[in-house]
Amino acid sequence: MRASKPSDRGLPAAAAESATLSRLTGLVTRLLQRHSLLSLIVVLFVVFSFAAPGTFPTAPNLQGLALGQAVGLLLAMSVLLVTTVGEFDLSVAYILGLSAVLTAKLSGDEGLPVPLVIVISIAAGALIGTISGIVVTRLKVVSLIATLGVGLAVSGLTVGISGGQTLSGNIPQTFAVLARTPILGVGSAVWIVLAIAVVIYLMLTKTPVGSKIYATGGSEQVARMVGIRVRLLKGAMFSLAGACAALAGILQLGLAGAANPSFGSNLLLPAFAAVFLGSTTVRPGFFNVAGTLLAVVLLAVGFSGLSLLGAPFWVEPVFDGVALIVGIVASRWSTISSRRRRPAPGNGDGLASPGAPEAGARNDEHRSLDDTVSGAAAVRE
Amino acid sequence: MPAEQRLAVSDLTVSYGQHEVVHGISFDVDRGRMVALLGANGSGKSTTVKALTGVNAMGPRTRVRFNGTPVKPASLTTTGSRRLGIRVVHQEAPLISNMTVAEMAALHMGFPHAGGVVRHGELKRQTAQMLADFDVDVDPDAYCGELTTGERALVSLAISMAGIDPDRALLILDEATAALSTTDAKRLLDRVRNAVERGLSVVMVTHRLPEVREYCDRTLVLRDGDLVSALERESFSESAVIHAMVGDEEQRVAADARQASATVPERSAALIATGLQGQGVTSASFHVRPGEILGVTGRAGEGASELLRIIGGLEPATRGSVSVRGRELRLRTPRDAVSAGIFYLSPDRLSEGGVPTMTVHDNIVLPMVERYGLARRKAAADVAAMMDKLSIRPKDARTPFGSLSGGNQQKVLLARWLLLQPTVLVLDDPTAGVDPNTREIMFAILHELAAAGVSVLLRSTEPEHLARFCDRVIVMQGGRDAVQLQGAELTTEEISRATYA
């Protein structure tokens with residue numbers, strides 16, 4: 001942080017001016033830190049536009065890029081919903097697969113009307129999420145294990161419904177229309193997902209429920225003690241996550257025109273990566289919608305550029321994985337280098353509580369964003 | 001022959017980022033001496049201590065000598081300071097619940113082994129010896145999670161001093177007694193004092209002035225990162241220390257004697273508990289009148305803390321009844337208590353108090369987010385007024401709760417409940433680890449609340465506080481409300497006698 005202050009070399013005569021300048025660079029540094037992913041996206045965008053001018057910055061590429069990320073973003077949103085209350089949901093990717101297959105089966109083979117099928121699929125996703133929620137909050141099974149079990153069971157059901165085949169027969173055109181209709185040049189699936197992201201964003205940041213959600217993720221016991229219905233809230237987030245994942249499955253069917261029973265599982269890790277990477281930016285230290293969105297875009301832009309430059313398809317997960325680790329380490333490093341300080345006691349709960357991402361870096365991060373006065377208050381007595 | 005001067009620190013500065021919080025203090029600690037380091041919350045005590053143990057970096061001008069030899073500040077890392085002979089006991093004994101005492105000791109002093117295989121018999125013998133050195137009667141095979149708070153403190157003391165000659169070492173007690181009852185604290189400090197007779201030097205951070213009076217040879221007082229006073233044993237007095245701590249600012253002293261509300265008949269009590277039974281409580285019956293401060297005390301494990309947890313809804317009552325303002329309650333969750341106007345303040349500020357990552361503002365309004373809804377400006381104004389009233393520092397409501405000092409965290413949690421206008425306030429040892437001036441502010445506010453008709457249930461481990469601030473005190477023994485003291489019986493001596501009888 002300090003290295004980026006040219007004002008340190010300012011002339012003594014211009015002391016006042018240099019103070020203003022230093023305040024300005026401080027602001028820029030803070031903006032960069034808070035919007036690190038956004039800056040990186042811009043940089044990558046410019047670099048790739050110069051490196052592959054004929055292919056990367058073209059409308060078809062960018063439209064395809066956006067459409068290709070819609071399902072992944074929605075899945076990341078469902079991962080986000082559960083991580084904000086301090087739990088993990090591994091089953092969402094399998095719910096996505098089940099929903100795609102169920103939708104294809106009911107509308108194609110059984111010929112049920114499309115609206116009914118959509119309602120059934122989303123209800124099924126919500127139901128599965130509710131089951132996970134009950135197993136976690138009532139039967140007190142650790143969410144990682146509970147949703148692993150639920151996810152496995154769901155993946156079996158998916159194979160059962162599809163008979164292990166990719167379902168592509170008689171699927172109504174309505175699904176393609178729902179997902180692919182261009183609006184302002186971009187497929188409708190993107191708009192649907194963005195609308196959902198906005199709703200979740202408003203819920204998390206502007207409503208009382210959002211405070212309760214972050215409180216529960218930050219400290220379940222504290223939330224309980226102030227009268228928040230922690231179990232109900234967690235259960236609701238699992239249900240919502242299931243519903244979102246199911247909708248992602250329906251959109252996926254519309255985009256692909258066929259339902260592959262093994263589709264969802266490939267999206268699981270990237271969705272988690274986006275949520276965690278997103279927690280380093282916009283509202284550092286908290287899982288947040290805008291950060292997750294930026295992370296999804298960053299990963300997509302990064303890989304798209306690389307593939308246009310000739311990188312093979314298998315580079316994508318490698319890129320995602322490396323980007324996640326580099327992102328987390330860089331956000332921690334940038335704060336540690338600015339002040340040598342160990343994490344305060346009571347914050348060492350890292351992985352054990354997903355509601356507190358990056359336990360060690362978290363407080364430092366806030367501190368570096370705050371002014372020096374509250375930095376002084378960081379002194380623990 | 002060990003040097004007469006164990007530690008000499010000159011011009012110690014410590015900074016967080018660009019902000020200097022300890023401004024060039026100098027002090028030394030002689031061999032076989034206990035030195036108290038006092039100061040208000042946020043004065044730099046812990047920061048100073050953490051510089052000695054390598055947690056905080058020292059400034060470039062700082063010079064340190066240990067046992068007469070100069071020490072490079074850069075070499076004072078956590079392991080470096082430990083190797084040198086600086087040992088520390090913290091308030092929360094850092095013991096791992098599912099490990100035995102012997103295994104825990106081995107983590108500090110190394111596992112004795114033969115060809116890579118742990119020799120358990122030898123480890124047990126070493127641990128038993130280590131515990132015996134400090135006269136600690138604990139089985140090396142006991143799991144740390146099974147120890148009482150007092151035992152945990154003694155075990156951490158023994159472990160921290162493992163493998164070092166007291167006559168070469170400096171022991172730092174960083175509020176080591178804050179969570180202990182007076183008896184447990186005395187047991188701990190007596191053992192420390194024994195080691196001091198054998199040449200150990202001690203730096204002790206505490207808020208309990210009686211301990212300082214009894215055990216310490218010298219008292220250093222910090223204020224805003226400066227060393228403002230050094231008192232020898234002869235010149236020590238509570239008023240001198242408090243004056244040094246707060247400077248010329250107005251000292252708040254809560255009104256002492258209270259005989260409020262004694263005329264209100266018992267039948268119109270704000271809270272009545274009858275035959276209450278639950279985790280750690282076998283049978284408790286009592287009432288609190290409106291505007292009354294009822295003290296609850298007892299040795300650890302005798303049911304005082306447990307009783308408050310039941311009233312706060314944290315533990316379910318298995319039998320008996322509780323009614324508030326004549327209305328019978330179903331107390332099964334904290335939510336039940338909160339909706340009846342009973343607000344509980346836990347002594348565990350971080351895990352049962354505030355959400356560390358959230359801001360002070362968000363923590364204060366958390367129970368009433370719905371009431372405020374989207375009225376952010378109203379919420380901000382209420383929070384600012386409350387922070388002002390309780391003089392919470394820093395004044396910025398956007399500061400993360402976890403970065404506040406202990407006393408300020410406590411005030412934030414109190415602010416939260418005050419905004420909700422309690423009927424019954426249940427406070428479990430609210431002044432543990434809180435400096436004397438803040439303590440007086442808190443008690444003055446409690447009296448103000450009581451005068452406005454709020455009922456207060458207050459647990460404290462310090463009889464003198466109970467005698468000063470309460471209208472009545474009940475002493476728990478074996479899970480029962482065994483003794484009730486009021487009026488002329490309400491003295492420090494009577495409370496101590498009833499507690500430790």
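Within each chain, residue numbers correspond to sequence positions counted from 1 in written order. In the order they appear in the text, chains get letters beginning with A and ligands get numbers beginning with 1. Selection of residues for local features in this predicted model requires a pLDDT of at least 70, selection of side-chain atom pairs for listing and counting requires 80 or more, and totals for whole chains, interfaces and linings are taken over all residues. Excluded from the side-chain calculations are hydrogens and water; all other atoms, namely the structure's heavy atoms, are used.

(A) Region of interest: the overall build of chain B. The secondary structure content of chain B amounts to 17 helices and 22 strands. It is over C-alpha atoms that the radius of gyration is taken, and the globule rule equals 2.2 Å times the number of residues to the power 0.38. The C-alpha atoms of chain B give a radius of gyration of 24 Å, which matches the 23 Å a tight globule of 501 residues would have. Oriented by its inertia axes, the alpha-carbon framework of chain B measures out at about 70 × 50 × 45 Å. Relative to its full complement of 501 residues, chain B shows a buried share of 57%. Contacts in chain B between residues far apart in sequence, at least 24 positions, make up 69% of those at least 6 positions apart. Under the scheme used here, helices are H or I runs from DSSP no shorter than 4 residues and strands are E runs no shorter than 2 residues, and both carry numbers assigned from the N terminus. The buried label applies to any residue whose accessible area, calculated with a 1.4 Å probe on protein chains only, is under 20% of its type's maximum; exposed applies above 50%, and partly exposed to all values in between. Here a residue-residue contact requires only that any non-hydrogen atoms of the pair lie within 4.5 Å.

(B) Here's a closer look at the pairing of strand E11 (residues 218–223) of chain B. All names here are of chain B. Two elements, strand E3 (residues 34–39) and E11, share five bridges in a ladder whose sense is parallel. Residue pairing across strands places alanine 36 opposite threonine 219, the latter belonging to E11. Being paired, for any two strands, means DSSP has found at least two bridges between them. Hairpin remark: E11 followed by strand E12 (residues 226–232), antiparallel, with two residues in the connecting loop; positive phi at aspartate 224, about 50 degrees.

(C) Summary view of the side chain of serine 188 of chain A. Residues and elements named next belong to chain A. Here serine 188 is to be found in helix H8 (residues 188–206). Any pair of nitrogen or oxygen atoms within 3.5 Å is treated as a polar contact; in protein, a donor-acceptor pairing is required on top of that, and neighbouring residues in sequence qualify only through side-chain atoms on both sides. Polar side-chain contacts of serine 188 include one of 3.4 Å to the backbone nitrogen of arginine 180. What serine 188 contacts, discounting residues up to four positions off in sequence, is Val177, Leu178, Ala179, Arg180, Thr181 and Ile183.

(D) Main features of the packing of H8 of chain A against helix H11 (residues 230–256) of chain A. All names here are of chain A. In this description, a line fitted to the C-alpha atoms serves as the axis of each element, helices being fitted only across the stretch in contact, and the angle between N-to-C directions of two axes falls anywhere from 0 to 180 degrees. Axis separation between H8 and H11 bottoms out at 11 Å; the angle between their running directions is 165 degrees. Judged by the angle between their axes, H8 and H11 are roughly antiparallel. H11 is crossed by H8, and the crossing has left-handed handedness. Where H8 approaches H11, its residues Ala189, Ile192, Val193, Ile196 and Met203 are matched on the opposing element by Met237, Leu240, Cys244, Leu247, Leu251 and Leu255. Polarity classes work like this: nonpolar for Ala, Val, Leu, Ile, Met, Phe, Trp, Tyr, Cys and Pro, charged for Asp, Glu, Lys and Arg, and polar for all others, with Gly in that last group. Here the residues of the contact of H8 with H11 sort into 11 nonpolar, no polar and no charged. Should an angle lie under 35 degrees it is considered roughly parallel, over 145 roughly antiparallel, and from 65 to 115 roughly perpendicular; all remaining angles are considered oblique. If you view the pair so one helix is near and one far, a crossing is left-handed when the near helix is turned anticlockwise from the far one by less than a right angle, and right-handed when it is turned clockwise.

(E) Spotlight on the pattern of salt bridges. We define a salt bridge as a contact between a side-chain nitrogen of Lys or Arg and a carboxyl oxygen of Asp or Glu at a distance within 4 Å. Following the criterion strictly, the structure yields 32 salt bridges over all chains and no others. Aspartate 109 of chain A is the salt-bridge partner of lysine 105 of chain A, the closest N and O atoms lying 3.6 Å from each other. Highlighted residues: lysine 105 of chain A and aspartate 109 of chain A, both in helix H4 (residues 92–109), separated by four residues, approximately one helical turn. Classification of lysine 105 of chain A as partly exposed rests on a relative accessible area of 24%. A salt bridge links arginine 233 of chain B to aspartate 217 of chain B, with the shortest nitrogen-to-oxygen separation between them at 3.8 Å. Here arginine 233 of chain B, found in the loop between E12 and helix H8 (238–246), pairs with aspartate 217 of chain B, found in the loop between helix H7 (209–215) and E11; they are 16 residues apart in sequence, far enough to count as distant. The class of arginine 233 of chain B is partly exposed, set by a relative accessible area of 38%. Classification of aspartate 217 of chain B as buried rests on a relative accessible area of 14%. Each of Glu4, Arg6, Arg31 and Asp167 of chain B takes part in salt bridges that share partners, so that together they form one network.

(F) Representation of the sheet that holds E3 of chain B within the structure. Residue and element names in this part refer to chain B. With respect to topology, six strands assemble into an open sheet ordered E6-E9-E10-E3-E11-E12, the strand pairing being mixed. Each edge of the open sheet is held by one strand with a lone partner, namely strand E6 (86–90) and E12. Along the sheet, successive strands turn relative to each other by an average axial angle of 20 degrees, direction set aside. Here E3 runs beside strand E10 (residues 201–205); their pairing, made up of four bridges, is parallel. Looking at the pairing, alanine 36 lines up with methionine 204 of E10. Along the sheet, helix H5 (residues 149–160) contacts E6 and strand E9 (170–174); its crossing angle with E6, the most-contacted strand, is approximately 170 degrees. Those strands touched by H8 are E3, E11 and E12, and its axis lies near 25 degrees from that of E11.

(G) Main features of empty space enclosed by the protein. Space inside and on the surface of the protein is sampled on a 1 Å grid over the protein atoms alone, with a cavity defined as a set of points where a 1.4 Å probe fits but cannot get out and a pocket as an open set with protein on both sides within 12 Å along at least 5 of 7 lines; lining residues have an atom within 4 Å of a point. Grid points are joined across faces, edges and corners, and a volume is the space filled by probe spheres set on the points. Taken as a whole and assessed by the stated rule, the structure comprises five cavities of 30 Å³ or more. Size it by volume and the largest cavity reaches roughly 100 Å³. Around the largest cavity, the lining is made up of 13 residues, and of these His207, Arg208, Thr431, Gly433 and Glu462 of chain B lie nearest the centre. By residue class, the composition of the lining of the largest cavity is three nonpolar, six polar and four charged. Looking at the second largest cavity, the residues that line it are Met225 and Val226 of chain A together with Tyr344, Leu345, Ser346, Glu352, Gly353, Arg416 and Trp417 of chain B. Broken down by class, the residue content of the lining of the second largest cavity amounts to five nonpolar, two polar and two charged.

No statement about biological role is implied by the geometric values presented.
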